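# Chain and residue survey
Residue-level listing of the chains:
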Amino acid sequence: MGIMSKILSGGESHTTEDYVELDLDDFDTARGEAGMSVRIASIGGKQDVVAIKDAVYDGNLVIADITRHTTSDSTMEHIVDDLRQVADEVDGDIVQKGDDQIIIAPTGVTIAREKLS
């Protein structure tokens, strides 16, 4: 009986001899360095935009909390314009999620506008 038939045969009972214990020390489990990080920010004022811009220029995705502002606030309009410019400069993407978050993506990342479910 081959390995696949053993795996796919659901009716057979198995004993401990059917299994092999793996020693994780035998495997390389080190994680490589990630190319992108997801950063969380809170926008209280225009001064907070600098750190967000730097993060996006460094290739990170930023989720920014904007609950301290209304979307019709003129300061918020300037902030969104600044962040939209950054997304355009790095060929990234930007989207506002409701009235509470802005998501800014770096180069090569697009943000889907439709929900999964």
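Residues numbered from 1 in each chain as written. Predicted model: local features only at pLDDT ≥ 70, side-chain atom pairs only at ≥ 80, totals over all residues. Heavy atoms only, no water.

## Describing the overall build of the chain
Put simply, the test is: To qualify as a helix, a DSSP run of H or I must reach at least 4 residues; to qualify as a strand, a run of E must reach at least 2; elements of each kind are numbered from the N terminus. For every residue, the accessible area (1.4 Å probe, protein chains only) is compared with the maximum for its type, and the residue is labelled buried under 20%, exposed over 50%, or partly exposed between those bounds. Computed by Shrake-Rupley with a 1.4 Å probe, the accessible areas treat only the displayed protein chains as cover when residues are assessed.
Across its full length, the chain holds 3 helices and 4 strands. Burial analysis of the chain (117 residues in total) assigns 26% to the buried set. A total of about 8,800 Å² of accessible surface is found on the chain, and carbon and sulfur atoms cover 50% of it.

## Overview of the confidence of the model for the chain
Convention followed: A score from 0 to 100, pLDDT tells how confident the predictor is in each residue.
Counting all residues, the mean pLDDT for the chain is 83, and 79% of those residues have values of 70 or more. At the low end of the mean pLDDT range in the chain sits helix H1 (residues 3-8), at 55; at the high end sits helix H2 (residues 49-57), at 96.

## A few points about a negative patch on the surface
Defined as follows: What goes into a patch is any residue over 30% in relative accessible area without a salt bridge, connected to like charges within 9 Å or, for nonpolar side chains (Val, Leu, Ile, Met, Phe, Trp, Tyr), within 5 Å. Each reported salt bridge corresponds to a side-chain nitrogen of Lys or Arg within 4 Å of a carboxyl oxygen of Asp or Glu. Here the positive residues are Lys and Arg and the negative ones are Asp and Glu; neither His nor the chain ends is included. The atoms used to mark charge sites are NZ of Lys, CZ of Arg, CG of Asp and CD of Glu.
On the surface, Glu21, Asp23, Asp25 and Asp26 cluster together to form a negatively charged patch. Among the secondary structure elements, Glu21 is positioned in the loop between H1 and strand S1 (38-42).

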